[in-house]
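Okay, here's what each chain looks like letter by letter:
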Amino acid sequence: MSKPRKINAKYTLTIVATAYLLILTFHAQVAGAGHWPVLKPLADTLIRKDTSRKAPADSLKSRDSLVTRIDTMRISKDSIDAIIQYSALDSGVLLVDSREFFLYGKAKTAYRDIKMEAATIRYDQQSHKVKAYGSTDTTGSIQSRPQLTQGELKSISDSIFYDMTSNKGLSKNTFFQEGEIFVNAQVLKKVSADEVFARRARFTTCNLDTPHFAFRTSRMKIINNKLGVSGAAFPEFEGVPMPIGIPFGIYPLYNKQHSGILPPAFTASEDFGLGLEGLGYYKVISEYVDLTTRANLYSYGGWSVNASAKYLRRYRYTGSVNITVQNTKALNRSALTANEFNQSQSFMINWSHARDNRARPGTNFSANVNFGSTRFNRLLLNNPYQNFQNQLNSSISFSKDWRGKYNLTVNANHNQNNNLGLINLNLPTINFNVVTFYPFQRKEQVGAGKWYEKIGLGYSGNLLNQISFYEKDFNLRHLLDTMQWGAQHNLPITLSLPALGPITVAPSVSYEERWYGQRIFRTWDANAKKVDTTIQRGFYTARQMSFGVGLNTRIFGTYTFKPTSNIKGIRHEIRPSISINYKPDMAAKSYYNTQVDTTGRVVRFSQYDGGIIGAFSEGTFGGISFGVDNLLEMKVKDKSDSTGKLDKKIKLIDGFGFNSSYNLLADSFALGNFTFYARSTLFDKINITAGAVMDPYRVDRQGYRLKQLELDPLRGKFGRIVSGNLAISTSFTSKTKDGKDAGNREVPIDPFMTPDEQQRQLQFARANPAEFTDFNIPWSLTLSYSLSFNRVLKPDFSGYRTDTYSSLNFNGDFSLTEKWKLGGTGNYDVNRKSLQQLSMFITREMHCWQLSINVTPIGLFRSFNITINPKSGILRDLRINRSRTFSNSTF
């Protein structure tokens, strides 16, 4: 073998020592890169002079017999078909006799989509095979390993052997990543651009050099971006093998949507028996539609089936349809019946649709339907939030706008009270509005307009239809009996007048007409000693007019503190308003008196009370309406400003005030009820909203009003509070470990999910808080309190009663250590003085694994769940799960 000749890398690797070398580098000089094609000479081509032609007189006759020989070369068929680009930090060595080329020192080559980096690269031109090796230091420690990159597949090995003609290769002790899987194979064989076989492999989803867990298998095949298949695999934790295993493994590596089986989770319940939950199939129907089907099966015979389809067309519409059918068969815990099991059927239909406004400007269509059996929510397992959801609402809406002048809205609404079993359907509800226009205004305005040019006209019309029924009484005849309809027309007339200094004046005239499809008459039955109700159907009308003028202004007051104080000042803004109104009595003919009890008490009713559209109030009103709104702000020095010149505004009270009225034409009950309200955000942390209604008149023992004011300033009595509400909420969060804003840390929401899907995802996160724990926040606490009360007339008209609702909600968590977190959420019913629902969790963060324990000791269902699972999505179904559920109620 010839002695290798070294070429210093400071110069170009082009060698011109021999003609053969010139031919070898011919293609490289033309293409500008290192490529050594195999060249073979062809047969000689002779070019002879044509003797039939006579040479010019001055030509040399000795050249008549001249023969010219030219060697023509071409590339052989077994040559590679692309340029190889190469570089080396140290040197390159060419062996002419054996047609081998060596690169030393951080060598790099690129061929098509294949890139290789190694300490030493050897290329054999005859066989088109490449060998790559790493390097070691003087102690034998590995300094570098060769790397091979083809497309999205990148591998690091001890040695690489690659055939550039067949694109096949063999590597030893190879590390590479495919999707979320990290694989280490002692021997890796690449058979095509997308397929590799591994022998004595270890794979994991942990991205550490020494993974927390892994699976070992003797054989494995991986198809790039498609599938991974292994033989018998045995897990190991921290390098310690476990005496359990799986006979084979299939690991999907798809980057796009694909159909597949959804594995179930095992559960156990005293009421439902052993069960498999979540068994199903995911089907990609088309690019725009997919379908997910799931089933829950229980050993006592109960089952449920769910089908959920999602559709999406970008810039056009998005939506989902969810249908669930339950056949509940639960253990009978009641001593009233001898049946061993209680069985019931229920269903739920959810549909959500939203259309992009860009799809058809000027029109919009949306839907959010939640319709089902009244007992459906109570029969759901492991969902304490939905178990207590007693109200269901639905809406389907179509709207169209005509260039801002007119707009039409068609709605279909549904509301359902699961406690009462009452279902109300409003379909359709049609609203048509004409935006205020000025009929006397000139098209081309010149100078100040006349006063009559500022007269504005508008129109709004509503058509309503309602069907009400109880679920247990559902039938067609009952639907027709409870059907109601009505219409409402409103024609407002406004006049815009210039302000009188700081006072704004706004006169108005309004005409309103209502159409009814029924009248209701209540009469006293002396024999049965009760009130009977009679309904008359037909077409009936009522109308009302009102005239008024309103005045309002703003008053400011400021208190300034000393310059040395951190508080610079407090500003008080007062917004008084007063209006004078007149309303003639156009509804008196629809009112009548009826005895309601054996004492002879008489109550005045309207023929249209209890209808889909309320009745007009009786009597002439000519009086004053007044109100006062307040705003309180404070200006303090900004502590974050080192110059001390910047200020910071703090709202002490966002608004508080009252409003009422006084009827100058009434002979009794002239003073109207006072409505008080207040809202504030204290320290940017505590949100407070409060309201109350005060009746200034006294009542008798049964709660009926008397014509006497409840006014005694000495005792501090100015009336009776007949209704009120209070809501307080706050949230406290510690500083995050990474310094980022904790307020932006929410459960990630897919922007293309429908609102109903987003709500269900949030509900799942609340029901399983251990799986959505943020260890970056040491602790957090959320509290909310609500109180409401109202005086309502008793159904038998015997008086009034006060209904009160009060509850306290809490939610929080804190880190026991950097890896352990404890938390809980619950609801306390203040009226009943009992804890209605309580859920707790404890979770352990283990880098690539997570341990979560969810416990619900109080609620309709008591349950606990222990889950250990990898965080990786590809192994999410490889979990250790233990779940038990117990019932606290009868079915």
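If you're wondering where the values come from, they're calculated on a predicted model, not measured in any experiment.

**With respect to the overall build of the protein chain**
At step 1: The number of helices and strands found in the protein chain is 5 helices and 56 strands.
At step 2: The burial tally for the protein chain puts 35% of its 891 residues in the buried class.
At step 3: In the protein chain, the proportion of contacts linking residues at least 24 apart, taken out of those at least 6 apart, comes to 50%.
At step 4: Looking at the protein chain as shown, the accessible area adds up to about 52,600 Å², and 57% of this sits on carbon and sulfur atoms.

**Description of unusual backbone geometry**
At step 1: Cis geometry is found at the peptide bond from Leu 427 to Pro 428, where omega equals -15 degrees.
At step 2: Along the polypeptide, Pro 428 turns up in strand β34 (residues 422–437).
At step 3: The phi angle at Tyr 315 is positive, at roughly 65 degrees, despite the residue not being glycine.
At step 4: Among the secondary structure elements, Tyr 315 is positioned in the loop between β28 (303–313) and β29 (317–331).
At step 5: Note on Tyr 315: relative accessible area 55%, which makes it exposed.
At step 6: One non-glycine residue with positive phi stands out, namely Lys 833, at about 55 degrees.
At step 7: Position of Lys 833 relative to the elements: it lies in the loop between β52 (820–829) and β53 (834–846).

**Considering the confidence of the model for the protein chain**
At step 1: Averaged over every residue, the pLDDT of the protein chain is 80; residues scoring 70 or more account for 83%.
At step 2: In the predicted structure, residues 1–75 sits below a pLDDT of 50 and forms 104 contacts with residues beyond four places in sequence or in another chain.
At step 3: Confidence drops under pLDDT 50 across residues 742–757; counting only partners more than four residues distant or on other chains, this segment forms 35 contacts.

**Regarding the nonpolar core**
At step 1: Ranked by size, the top nonpolar core spans 22 residues in total, and within it Phe 176, Ile 181, Val 183, Phe 203, Phe 213, Ile 222 and Tyr 251 carry the most contacts.
At step 2: Listing elements by their share of this core, those giving two or more residues are β17 (181–190), β18 (195–204) and β19 (213–223).
At step 3: Those residues within four positions of Val 183 in sequence are excluded, and the remaining contacts are Thr 174, Phe 175, Phe 176, Ala 201, Arg 202, Phe 203 and Ile 222.
At step 4: Membership of the second largest hydrophobic core comes to 18 residues, among which are Ala 82, Ala 118, Val 130 and Ala 132.

**A few points about the pattern of salt bridges**
At step 1: Inspection of the entire model under this criterion finds 25 salt bridges.
At step 2: For Arg 358, the salt bridge is made with Asp 356, and the minimal N-O distance between the two is 2.8 Å.
At step 3: Take Arg 358: its relative accessible area is 56%, and that puts it in the exposed class.
At step 4: Glu 453 is paired through a salt bridge with Arg 442; the nearest N and O atoms lie 2.8 Å apart. Of this pair, Glu 453 sits in the loop between β34 and β35 (455–470) while Arg 442 sits in the loop between β34 and β35; the two residues are 11 residues apart in sequence, bridging distant segments of the chain.
At step 5: Relative accessible area serves as the criterion here: at 3%, Glu 453 is assigned to the buried category.

**What to know about the state of the cysteines**
By definition, a disulfide links the sulfur atoms of two cysteines through a covalent bond.
At step 1: Inspection of the entire model under this criterion finds 0 disulfides.
At step 2: Free cysteine: Cys 206, not disulfide-bonded; nearest cysteine sulfur from Cys 848 at 3.6 Å.

**Re the environment of Gln 595**
At step 1: Topologically, Gln 595 is positioned in strand β41 (residues 591–595).
At step 2: Between the C-alpha atom of Gln 595 and that of Val 531, which follows or precedes it by 64 residues, the distance is 7.9 Å.
At step 3: Once residues within four sequence positions are removed from consideration, Gln 595 is found in contact with Trp 524, Val 531, Gly 600, Arg 601 and Val 602.
At step 4: Polar side-chain contacts of Gln 595 include one of 2.7 Å to the backbone oxygen of Asp 597.

**Focus on a nonpolar patch on the surface**
At step 1: On the surface, Leu 279, Leu 297, Trp 303, Val 305, Ile 323, Val 325, Phe 347 and Ile 349 cluster together to form a nonpolar patch covering roughly 610 Å² of accessible area.
At step 2: Counting residues per element, the ones that place at least two in the nonpolar patch are β28, β29 and β30 (341–355).
At step 3: Judged by relative accessible area, Trp 303 falls into the partly exposed class, the value being 35%.

**Observations regarding the side chain of Ser 606**
At step 1: Its location among the elements puts Ser 606 in strand β42 (residues 602–606).
At step 2: For Ser 606, a relative accessible area of 0% puts it in the buried group.
At step 3: Residues contacting Ser 606, with those up to four places away along its chain left out, are Ile 520, Arg 522, Ser 590, Tyr 591, Tyr 592 and Ala 615.

**Remarks on the environment of Asp 90**
At step 1: Here Asp 90 shows up in the loop between β6 (84–87) and β7 (91–95).
At step 2: Separated by 14 residues in sequence, Asp 90 and Tyr 104 have C-alpha atoms that sit 5.4 Å apart.

**Points about the packing of aromatic side chains**
At step 1: Inspection of the entire model under this criterion finds 30 aromatic pairs.
At step 2: Ring plane angle 90 degrees and centroid distance 5.0 Å describe the contact between Tyr 559 and Phe 561, whose orientation is recorded as edge-to-face.
At step 3: By relative accessible area, Tyr 559 is classed as exposed at 53%.
At step 4: Feature note: the residues Phe 203, Phe 213, Phe 215, Phe 237, Tyr 251 and Trp 849 constitute an aromatic cluster, connected by ring pairs.
At step 5: Directly above the ring of Phe 341 sits Lys 329, whose terminal nitrogen or CZ lies 5.2 Å from the centroid.

**Observations concerning the pairing of strand β36 (residues 484–495)**
At step 1: Direction of pairing for β35 relative to β36: antiparallel, over a ladder of 10 bridges. Of the residues in β36, the one forming a bridge with Ser 460 is Asn 490.
At step 2: In this sheet, strand β37 (residues 504–525) lies alongside β36 in antiparallel orientation, the contact comprising 9 bridges. Of the residues in β37, the one forming a bridge with Asn 490 is Glu 512.

**Brief notes about the pairing of β30**
At step 1: Here 15 bridges tie β29 to β30, and the two strands are oriented antiparallel to one another. Across the sheet, residue Lys 329 finds its bridge partner in β30, namely Gln 343.
At step 2: Note: β30 against strand β31 (residues 363–372), 7 bridges, orientation antiparallel. Bridge pairing in β31 places Met 348 opposite Gly 372.

Here is what the cut-offs are and how they apply
- Residues numbered from 1 in each chain as written.
- Predicted model: local features only at pLDDT ≥ 70, side-chain atom pairs only at ≥ 80, totals over all residues.
- Heavy atoms only, no water.
- Helix = DSSP H or I, 4+ residues; strand = E, 2+ residues; numbered from the N terminus.
- Buried < 20%, exposed > 50% of the residue type's maximum accessible area, 1.4 Å probe, protein only.
- Contact = heavy atoms within 4.5 Å.
- Areas by Shrake-Rupley, 256 points an atom, 1.4 Å probe, with all protein chains shown as cover.
- pLDDT = per-residue confidence, 0-100.
- Core = buried A, V, L, I, M, F, W, Y, C linked by side-chain atoms within 4.5 Å.
- Salt bridge = Lys/Arg side-chain N within 4 Å of Asp/Glu carboxyl O.
- Disulfide = S-S within 2.5 Å.
- Polar contact = N/O pair within 3.5 Å; in protein donor to acceptor, adjacent residues only side chain to side chain.
- Patch = residues over 30% accessible without salt bridge, like charges linked within 9 Å, V, L, I, M, F, W, Y side chains within 5 Å.
- Phe/Tyr/Trp six-rings, centres within 6.5 Å; stacked < 30°, edge-to-face > 60°.
- Lys NZ or Arg CZ within 6 Å of the ring centre and 35° of its normal.
- Pairing = 2+ DSSP bridges.

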